[in-house]
Amino acid sequence: METRYLKRGITSFLILLSVLFIINCSSDDSSGDNSIASNIIVTGEVTSFGEVNILSFSASQSIQVKGRDLVSNITISVSDNFEISLDNSSFSNDLVIGKDAANAENQTLYVRFAPSETAIGNLNGNISLERDSATTRLISLSGVGISNSPIINISNTSISFED
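Residues numbered from 1 in each chain as written. Predicted model: local features only at pLDDT ≥ 70, side-chain atom pairs only at ≥ 80, totals over all residues. Heavy atoms only, no water.

> I'd love a proper account of the overall build of the chain, names of residues and values included.
For the chain, the count of helices and strands is three helices and nine strands. Along the chain, from the amino end to the carboxyl end, the secondary structure elements read α-α-β-β-β-β-β-β-α-β-β-β. Out of the 163 residues belonging to the chain, those deemed buried represent 29%. Of the contacts formed within the chain by residues at least 6 apart in sequence, a portion of 65% connects residues at least 24 apart. Carbon and sulfur atoms provide 51% of the accessible area of the chain, an area that totals close to 11000 Å². (Helix = DSSP H or I, 4+ residues; strand = E, 2+ residues; numbered from the N terminus. Buried < 20%, exposed > 50% of the residue type's maximum accessible area, 1.4 Å probe, protein only. Contact = heavy atoms within 4.5 Å. Areas by Shrake-Rupley, 256 points an atom, 1.4 Å probe, with all protein chains shown as cover.)

> Kindly report on the pairing of strand S7 (residues 107–113), identifying the contributing residues and their values.
In terms of residue burial, S7 counts as a mostly covered element, since five of its seven residues are buried. With five bridges connecting them, strand S3 (residues 61–67) and S7 associate as antiparallel partners. Directly across from isoleucine 63, in S7, lies its bridge partner leucine 109. With four bridges joining them, strand S5 (residues 82–85) and S7 adopt antiparallel strand pairing. Along S7, the bridge assignment pairs glutamate 83 with arginine 112. (Pairing = 2+ DSSP bridges.)

Rendered as structure tokens:
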């Protein structure tokens, strides 16, 4: 009788191990987070920048970027009406993080919303992080460009001067 319970226990244990093995082996990273596959790891998030006057800029937000076993630099670019920086002082539309710096430690990437003169209304964009032969990482951005100055359209179809 004890042998029967021992056989059931061993059978149950083996089934449990098989299920755990199958679950572990079937992990295909289909979660959409391809930070491991791309060797570019991004932590943090960027929320909507809200309403910002055109020809000015918002307060910056930041995320962390880290490389894992990179053999090439990370090239970062951002959509129009947004700007990025590594020092929260000098902003541009594209920059590069060297592979050695990225592999060594987290790099802080700052982003701000800077709507141009014609960028009125809801605006969306992306930060794109790329390296050779890696999946591009995209981070969504949004903001609303507003103008607190009136827009005046002038038409000069007829002008007359009289004495």
